[in-house]
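Architecture and fold: a report
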Amino acid sequence: MKSRDYLWCLANSLLDREEELARLCPVCRSRALEAHCSVCGRGQEDWEENPSFDLDRFERMRGEEGFD
């Protein structure tokens, strides 16, 4: 595929998405635009942080050249 083919596909995908949203009522449209999990459907506001994530270690590793 050429670059223009990828652009054409992207443009048509965006137009298709707009058409799908236009068919929804205002309440459903706003719900469809919310961020949600693609697997379970929970809204982003319900997502929990990873309890095993160590922010201090992450900050240390991000500032160093190597890792422990």
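Residues numbered from 1 in each chain as written. Predicted model: local features only at pLDDT ≥ 70, side-chain atom pairs only at ≥ 80, totals over all residues. Heavy atoms only, no water.

1. Some points on the packing of aromatic side chains
- For the coordinates displayed, the defined rule picks out one aromatic pair.
- When the ring of F53 is compared with that of F58, the centres are 5.6 Å apart and the planes differ by 50°; the resulting orientation is tilted.
- A residue is classified by how much of its surface remains accessible, and F53, at 47% relative accessible area, is partly exposed.
- On the basis of relative accessibility, which here comes to 36%, the residue F58 falls in the partly exposed class. (Phe/Tyr/Trp six-rings, centres within 6.5 Å; stacked < 30°, edge-to-face > 60°. Buried < 20%, exposed > 50% of the residue type's maximum accessible area, 1.4 Å probe, protein only.)

2. Considerations on the confidence of the model for the protein
- Chain-level pLDDT for the protein is 86 on average; 93% of the residues reach the 70-or-more range.
- When the elements of the protein are averaged for pLDDT, helix α3 (residues 55-63) gives the smallest value, 87, and helix α1 (residues 3-22) the largest, 95. (pLDDT = per-residue confidence, 0-100. Helix = DSSP H or I, 4+ residues; strand = E, 2+ residues; numbered from the N terminus.)

3. Focus: the state of the cysteines
- One pass over the structure, following the stated rule, counts zero disulfides.
- Take C37: it sits in no disulfide, and the sulfur closest to it among the cysteines is that of C40, at 3.8 Å. (Disulfide = S-S within 2.5 Å.)

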